[in-house]
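The lines below spell out each chain.
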Amino acid sequence: AQTVTQSQPEMSVQEAETVTLSCTYDTSESDYYLFWYKQPPSRQMILVIRQEAYKQQNATENRFSVNFQKAAKSFSLKISDSQLGDAAMYFCAYRSRQGGSEKLVFGKGMKLTVNP
Amino acid sequence: DAGITQSPRHKVTETGTPVTLRCHQTENHRYMYWYRQDPGHGLRLIHYSYGVKDTDKGEVSDGYSVSRSKTEDFLLTLESATSSQTSVYFCAISERVPSYEQYFGPGTRLTVT
């Protein structure tokens, strides 16, 4: 079974600086999806970015980018020019591309604090 | 935002009482999911559905049942609520195409006293 590990339960960053959130996963599959979700205090789960394992190019969405290292099974999220609104819980998630349940496996999350 | 609503948004109930949470979508997505979120555990899958009347168990299904009689509605039932089921419950939807990601509802905070 696939597992997702977020080893840092909390991090903090100064406004306007860059922070990297780490995520590792374990799988025997070669094709899959990886996601980062953000959960602000409102509790809403918001998709931040998606990476397809067969794509070598790292995904980027505005100030958010990933460093996808397939061989190392690592999927870190970099937030550039951090803003106060980036303060939230961040969850890494894995999804198999094999047909069937289309289930997501989540890490336990990491709380990001942004200091003004 | 994906059209997903959950009802009720908050509920307090007593131990041993049956409880039903509702998830409603307007996106016509095939897959629907119920998760629970607890501190230190992230989100854990309770049950999911891959079509009308097609459901299966997730990793924490004990004490929960689900039903899906229409594409748009997915119900989660706690037959006899226990204090260990105090949690925040999220519904999610997805489709295989184009991109596989799941979209989440706003969540329901359930307290079992």
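A quick note: this is a predicted structure, and the numbers were derived from the prediction, not measured.

Visitor: Please clarify how the overall build of chain A should be interpreted in this entry.
Guide: Each helix and strand counted, chain A has zero helices and 12 strands in total. Its helices and strands taken in sequence order, chain A reads β-β-β-β-β-β-β-β-β-β-β-β from the N to the C terminus. Its C-alpha atoms give chain A a radius of gyration of 14 Å, within 12% of the compact-globule value 13 Å for 116 residues. Counting only C-alpha atoms, chain A reaches 45 × 30 × 20 Å along its principal axes. Relative to its 116 residues, chain A shows a buried fraction of 47%. Carbon and sulfur atoms form 45% of the exposed surface of chain A, whose accessible area is close to 5,600 Å².

Visitor: Quick question: what am I supposed to make of unusual backbone geometry here?
Guide: Comment: phi is negative for the bulk of residues other than glycine, and the bulk of peptide bonds are trans. Between serine 7 of chain B and the following residue, proline 8 of chain B, the backbone shows a cis peptide bond with an omega angle of -10°. Positionally, proline 8 of chain B belongs in the loop between strand 1 (4-7) and strand 2 (10-13). In this structure, arginine 43 of chain A takes a positive phi of about 85° despite not being glycine. Along the chain, arginine 43 of chain A turns up in the loop between strand 5 (32-39) and strand 6 (46-52). Even without a glycine there, the phi angle at asparagine 62 of chain A is positive, about 60°. Here asparagine 62 of chain A is to be found in the loop between strand 7 (60-61) and strand 8 (64-69). Judged by its relative accessible area of 75%, asparagine 62 of chain A is exposed.

Visitor: Please clarify how the nonpolar core should be interpreted in this entry.
Guide: Soluble, globular proteins show a tendency: their nonpolar side chains are buried together. All names here are of chain A. Within the largest apolar cluster, 27 residues are counted, with the highest numbers of intra-cluster contacts made by Trp36, Leu77, Tyr90 and Leu112. Elements with a minimum of two residues in this core: strand 2 (10-14), strand 3 (19-21), strand 5, strand 6, strand 8, strand 9 (74-79), strand 10 (88-96) and strand 12 (110-115). It is strand 10 that provides the largest number of residues to this core, a total of four residues.

Visitor: Help me out: how do you make sense of the side chain of threonine 108 of chain B in this one?
Guide: Within the secondary structure layout, threonine 108 of chain B lies in strand 11 (residues 108-112). With relative accessibility at 0%, the residue threonine 108 of chain B sits in the buried group. Here the side chain of threonine 108 of chain B touches glutamine 6 of chain B through a polar contact of 3.4 Å, side chain to side chain. Beyond its immediate sequence surroundings of up to four residues, threonine 108 of chain B is in contact with Arg43 of chain A together with Gln6, Pro8, Arg9, His10, Leu21, Ser87, Val88 and Tyr89 of chain B.

Visitor: I would appreciate a short explanation of the pairing of strand 2 of chain A in the present structure.
Guide: One face of the sheet, then the other: side chains in a regular strand alternate in exactly this way. All names here are of chain A. Here strand 2 shows a buried face lined by Met11 and Val13 and an unburied face lined by Glu10, Ser12 and Gln14. Two elements, strand 2 and strand 12, share five bridges in a ladder whose sense is parallel. Within strand 12, the position partnered with glutamine 14 by the bridge is asparagine 115.

Visitor: Would you mind showing me how to read the pairing of strand 6 (residues 54-57) of chain B here?
Guide: Residues and elements named next belong to chain B. Bridge count for strand 5 (residues 42-51) against strand 6 is four bridges, and the pairing is antiparallel. Across the sheet, histidine 47 pairs through a bridge with lysine 57, a residue of strand 6. Hairpin geometry of strand 5 and strand 6 is characterised by an intervening segment of two residues between the two adjacent antiparallel strands and by a positive phi of about 65° at lysine 53.

Visitor: Hey, could you run me through the packing of aromatic side chains in this one?
Guide: Where two aromatic rings form a pair, the distance of their centres and the angle of their planes describe that pair. Per the stated rule, a full pass over the model turns up 18 aromatic pairs over all chains. A ring pair is formed by tyrosine 64 of chain B and tyrosine 89 of chain B, whose centres lie 5.9 Å apart and whose planes are at 65°; its orientation type is edge-to-face. Of this pair, tyrosine 64 of chain B sits in strand 7 (residues 64-70) while tyrosine 89 of chain B sits in strand 9 (residues 87-94); the two residues are 25 residues apart in sequence, bridging distant segments of the chain. With a relative accessible area of 8%, tyrosine 64 of chain B lands in the buried category. Taken together, the ring pairs connect Tyr33, Phe35, Tyr37, Phe91 and Phe106 of chain A together with Tyr33, Tyr35, Tyr48, Tyr50, Phe90 and Phe104 of chain B into an aromatic cluster.

Conventions adopted
Residues numbered from 1 in each chain as written. Chains lettered and ligands numbered in written order. Predicted model: local features only at pLDDT ≥ 70, side-chain atom pairs only at ≥ 80, totals over all residues. Heavy atoms only, no water. Helix = DSSP H or I, 4+ residues; strand = E, 2+ residues; numbered from the N terminus. Rg over C-alpha atoms; globule rule 2.2 N^0.38 Å. Buried < 20%, exposed > 50% of the residue type's maximum accessible area, 1.4 Å probe, protein only. Areas by Shrake-Rupley, 256 points an atom, 1.4 Å probe, with all protein chains shown as cover. Core = buried A, V, L, I, M, F, W, Y, C linked by side-chain atoms within 4.5 Å. Polar contact = N/O pair within 3.5 Å; in protein donor to acceptor, adjacent residues only side chain to side chain. Contact = heavy atoms within 4.5 Å. Pairing = 2+ DSSP bridges. Phe/Tyr/Trp six-rings, centres within 6.5 Å; stacked < 30°, edge-to-face > 60°.

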